[in-house]
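Results of the structural survey
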Amino acid sequence: MATAIYTRSPRFISQVGTINQDVRVELFIWNSPDSIPTTATISLSKPIPSSVVTTVNFDISPYIREYINFITFEPMVTTAVYEKEAPVGEYAYCTAKTYLDDVLQTTDEFIAFDGYGYFLDGNNPTVPSVLNDEGTFYIKEGNNSEGSITIFDDSADVITVGYTNLRTGFSVATITKTFDVACFPNVYETLLEDGNRVDIYRNLTLEKTLYFEAVCENKFDVIKCDFVNRYGVWDRINFFKVSKSKFDVNSKEYNLMPSSLDYNVGSNIKQSFNTNGNDSISCNTGWVNDNYGEVIKQLMLSEEVRLDNVPVKVMSKSTDLKLGINDKNINYKIDFAYSFNTLNYIV
């Protein structure tokens, strides 16, 4: 059974010894559906430094992170698809073997996600099996291409995902997890108009509950925002209200020398070079629940963000984390810049 870890926070392997003993950690890293490599991917070593400091530590996260890559979010189109395996390359496996003077001491099995722990989580934070936060979230009414809920568990426990109609209160489906890292639709296919509650159970014990409320938005174009959350998997929120686009041009300007004293008055003297542009957009969530403060924090900390499947970077550097008791109606405005220049100059 593999231990889940984050790669944006340090993950330490420690070994105790005596002065001048050599400690070596061999990492075997791979992605599903491949199997463990026959030789070590990377080998790390250092000696026990002194008779006072008898423990050495190795941070293995940066080496595993090189094997995790995100391209684009693949939405759960819910028609007859209720579970799928998480995309290849968005998580990685690692076996770590620790040696003391060439004698094997421990063998650790890890599955790594490109997430992070907060400072208050402490050293080597625990990764939950459900890689999405609890709370109330909002979907576009009738949209069959919404987000997903990602669950990791490779034990013998039975994990089930149940869907309940928010309007009628009737349970409509229960799905049993079969993959180690599995994605489930956040809205069941027959509940796209009503929204649903998602209850996730481990051996009949409730682990997490998420609510997805359907919103009818007829005035504004709803913008889908996909981002890699703190747990290292894709998450989705929708910006329902007004969005404003902006276009900026940048260039370098030089004064050119005339070709002769009898210069042509129709030619540029001040000439712009390397002219290109950048598009940006500001988006508003519309009225949301208190739990969106944590969602917005994770969005602003994310290194992988897409707006309607187009790569962007978050330009907002600060925001008030609002509470309904203080702010009554809660709306978040976030600024984005598209992660490429307008003109294609990539060779």
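Our structure's up above, just so we're on the same page.
Quantities reported herein were computed from a predicted structural model and do not represent experimental measurements.

**Some thoughts on the overall build of the chain**
- Counting secondary structure elements, the chain contains 3 helices and 24 strands.
- Its C-alpha atoms give the chain a radius of gyration of 25 Å, clearly above 20 Å, the size a compact globule of 347 residues would have.
- Principal-axis analysis of the C-alpha atoms gives the chain an extent of 85 × 65 × 40 Å.
- For the chain, long-range pairs separated by at least 24 residues make up 70% of all intrachain contacts whose partners lie at least 6 apart in sequence.
- Accessible surface, the chain: about 18300 Å² in total, of which carbon and sulfur atoms supply 51%.
- Within the chain, one finds 29 positive and 45 negative side-chain charges whose respective centroids are separated by 7 Å.

**What about the packing of aromatic side chains?**
- The tally for this structure, following the rule as stated, stands at 15 aromatic pairs.
- Aromatic pair Phe 70 and Trp 234: ring centres 5.7 Å apart, planes at 90°, arrangement edge-to-face. You can see Phe 70 sitting in the loop between α1 (61-65) and β6 (76-77) and its partner Trp 234 sitting in strand β19 (residues 234-239), a full 164 residues away along the chain. For the pair Phe 70 and Trp 234, a shared accessibility class is recorded, and that class is buried.
- Above the ring of Tyr 99, the side-chain terminus of Arg 24 is found at 4.3 Å from the ring centroid.
- Between Lys 322 and the ring centre of Tyr 332, over which it is positioned, the NZ or CZ distance is 5.5 Å.

**Focus on the pairing of strand β3 (residues 22-30)**
- Counting buried residues in β3 gives 8 out of 9 residues, a clear majority hidden from the surface.
- Examined bridge by bridge, β3 and strand β4 (residues 42-47) share 6 bridges and lie antiparallel to one another. The residue bridging Arg 24 from the neighbouring strand is Ser 45, located in β4.
- Here β3 runs beside strand β8 (residues 92-100); their pairing, made up of 8 bridges, is antiparallel. Among the inter-strand pairings, Ile 29 is bridged to a residue of β8, identified as Cys 94.

**Observations concerning empty space enclosed by the protein**
- Enumeration according to the criterion identifies 3 cavities of 30 Å³ or more in this entry.
- What the largest cavity holds in volume is close to 150 Å³.
- Forming the walls of the largest cavity are 18 residues, and the residues nearest its centre are Phe 137, Asn 186, Phe 212, Asp 235 and Arg 236.
- Taken together, the elements giving at least two residues each to the lining of the largest cavity come down to β10 (135-140), β12 (148-152), β17 (205-215), β19 and α2 (292-301).

**A word on the pattern of salt bridges**
- Under the counting rule described, the total for this entry stands at 17 salt bridges.
- Between Arg 8 and Glu 303 there is a salt bridge; the shortest N-O distance is 3.7 Å. Taken as a pair, Arg 8 in the loop between β1 (3-6) and β2 (12-16) and Glu 303 in the loop between α2 and β22 (305-307) lie far apart in primary sequence, 295 residues in all.
- As a salt-bridge pair, Lys 241 and Glu 217 come within 2.7 Å of each other at their nearest N and O atoms. Of the two residues, Lys 241 is situated in the loop between β19 and β20 (244-255) and Glu 217 in the loop between β17 and β18 (223-228); the sequence distance between them amounts to 24 residues.
- Here Lys 241 falls in the partly exposed class, since its relative accessible area comes to 33%.
- Glu 217 sits in the buried class, given a relative accessible area of 12%.
- Linked by salt bridges that have partners in common, Arg 8, Arg 65, Asp 114 and Glu 303 make up one network.

**What to know about the sheet that holds strand β13 (residues 159-165)**
- Read across the sheet, 5 strands follow the order β10-β17-β16-β13-β14 without closing on themselves; strand pairing throughout is mixed. Each edge of the open sheet is held by one strand with a lone partner, namely β10 and β14 (171-176). Looking at each pair of strands side by side, their axes are set apart by 20° on average, direction ignored.
- Two strands pair when backbone bridges link them, and β13 and strand β16 (residues 196-202) are joined in this way by 7 bridges, in the antiparallel orientation. Looking at β16, one finds that Thr 160 is bridged to Tyr 201.

Cut-off values and rules
- Residues numbered from 1 in each chain as written.
- Predicted model: local features only at pLDDT ≥ 70, side-chain atom pairs only at ≥ 80, totals over all residues.
- Heavy atoms only, no water.
- Helix = DSSP H or I, 4+ residues; strand = E, 2+ residues; numbered from the N terminus.
- Rg over C-alpha atoms; globule rule 2.2 N^0.38 Å.
- Contact = heavy atoms within 4.5 Å.
- Areas by Shrake-Rupley, 256 points an atom, 1.4 Å probe, with all protein chains shown as cover.
- Lys, Arg positive; Asp, Glu negative; His and termini not counted.
- Charge placed at Lys NZ, Arg CZ, Asp CG, Glu CD.
- Phe/Tyr/Trp six-rings, centres within 6.5 Å; stacked < 30°, edge-to-face > 60°.
- Buried < 20%, exposed > 50% of the residue type's maximum accessible area, 1.4 Å probe, protein only.
- Lys NZ or Arg CZ within 6 Å of the ring centre and 35° of its normal.
- Pairing = 2+ DSSP bridges.
- 1 Å grid on protein atoms, 1.4 Å probe; cavity = no way out; pocket = protein on both sides within 12 Å on 5 of 7 lines; lining within 4 Å.
- Points joined across faces, edges and corners; volume = space filled by probe spheres on them.
- Salt bridge = Lys/Arg side-chain N within 4 Å of Asp/Glu carboxyl O.
- Axes fitted to C-alpha atoms, helices over the stretch in contact; angles between N-to-C directions.

This is a description of form; function is not addressed.
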